[in-house]
Amino acid sequence: MPRTHPQPESGGLLFWRPSEMAAGRAVDRVLTAILPHIRAAARERDEAPALLSELLRHPPERRELLVRNSQRFRNLPLSGLLLQRSRRDSADDPREGELLALLALALVESLDPSWYGERVLADARGRCWRVAGNARGVAADVQGAENAFHQAEAALSRGTGDLLEKARLRACKARLWRRVRKYRP
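Because the structure is predicted, anything quoted here is derived from the model rather than measured.

A. View of the overall build of the protein chain. Secondary structure assignment for the protein chain yields 8 helices and 2 strands. Order of helices (α) and strands (β) in the protein chain, N terminus to C terminus: β-β-α-α-α-α-α-α-α-α. Burial statistics for the protein chain: of 185 residues in total, 35% are counted as buried. In the protein chain, 58% of the contacts between residues at least 6 apart in sequence involve partners at least 24 apart. When the accessible surface of the protein chain is totalled, it reaches about 11,600 Å², and 56% of it is carbon and sulfur.

So, in structure tokens, the structure goes:
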């Protein structure tokens, strides 16, 4: 039975708070409903390192076919690992770094928005474009980097509004322009 609290002095509305038992049942229902998603996310996170190793054993042209066509590789944490690898590789081999970022993008494009959420996937697309743009900047492809950063901005505008993602993009753009000024008189 719901409990009521005294009316405020100004008179008007009754305040209602569910009983602890009803609240407990509601929490149980919510947790039961999201438990499959929590388990699936944990399983994806645990599987991602092995999938990355397997994927990188294939030639680059085969990798994209695998992420687009094989259900096993449809794994959001795997895209994050590809981006980590891309950032690491971009310093020595910016072209390889760009290819890995674009592979992560292809993977994100293959994911089901009804499972992950369109806004979460938009953020992931923005990350992929940002990392690809950074690799292009390292390779001195200023126009290519700017184009990738524009794509990143567009994706992030449809995303969750994560301020950290936007700040990372701005930092990459700033690094690009520092590089450009360094080499232009």
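Back to the write-up after that little detour.
B. Geometry of a nonpolar patch on the surface. Taken together, the side chains of V27, V30, L31, I34, L35 and I38 make up a nonpolar region of the molecular surface, amounting to roughly 490 Å² of accessible area. In this structure, L35 sits in helix α1 (residues 20–56).

C. Molecular detail of the nonpolar core. Membership of the largest hydrophobic core comes to 37 residues, with the highest contact counts inside it found for L55, V67, F73, L76, L78 and L82. Put simply, the parts of the chain that give this core at least two residues each are α1, α2 (60–69), α3 (76–90), α4 (94–110), α6 (118–138), α7 (142–157) and α8 (163–183). Examining the composition of this core, we find that 8 residues originate from one element, α4, more than from any other. Aside from chain neighbours lying at most four places away, what touches L82 is L52, L55, L56, L100, L103, A104 and L107.

D. Seen up close, the packing of α6 against α7. At their nearest, the axes of α6 and α7 sit 8 Å apart, and the two run at 165° to each other. Between α6 and α7, the angle is such that the two are roughly antiparallel. The handedness of the crossing between α6 and α7 is left-handed. Residues A122, D123, R125, G126, W129, R130, A132, G133, N134, R136 and G137 of α6 form the contact with α7, whose participating residues are G144, A145, A148, F149, Q151, A152, A155 and L156. Tallied by class, the residues present in the contact of α6 with α7 amount to 9 nonpolar, 6 polar and 4 charged.

Rules used in this analysis
- Residues numbered from 1 in each chain as written.
- Predicted model: local features only at pLDDT ≥ 70, side-chain atom pairs only at ≥ 80, totals over all residues.
- Heavy atoms only, no water.
- Helix = DSSP H or I, 4+ residues; strand = E, 2+ residues; numbered from the N terminus.
- Buried < 20%, exposed > 50% of the residue type's maximum accessible area, 1.4 Å probe, protein only.
- Contact = heavy atoms within 4.5 Å.
- Areas by Shrake-Rupley, 256 points an atom, 1.4 Å probe, with all protein chains shown as cover.
- Patch = residues over 30% accessible without salt bridge, like charges linked within 9 Å, V, L, I, M, F, W, Y side chains within 5 Å.
- Salt bridge = Lys/Arg side-chain N within 4 Å of Asp/Glu carboxyl O.
- Core = buried A, V, L, I, M, F, W, Y, C linked by side-chain atoms within 4.5 Å.
- Axes fitted to C-alpha atoms, helices over the stretch in contact; angles between N-to-C directions.
- Parallel < 35°, antiparallel > 145°, perpendicular 65-115°, else oblique.
- Left-handed = near helix turned anticlockwise from the far one by under 90°.
- Nonpolar A, V, L, I, M, F, W, Y, C, P; charged D, E, K, R; others polar.

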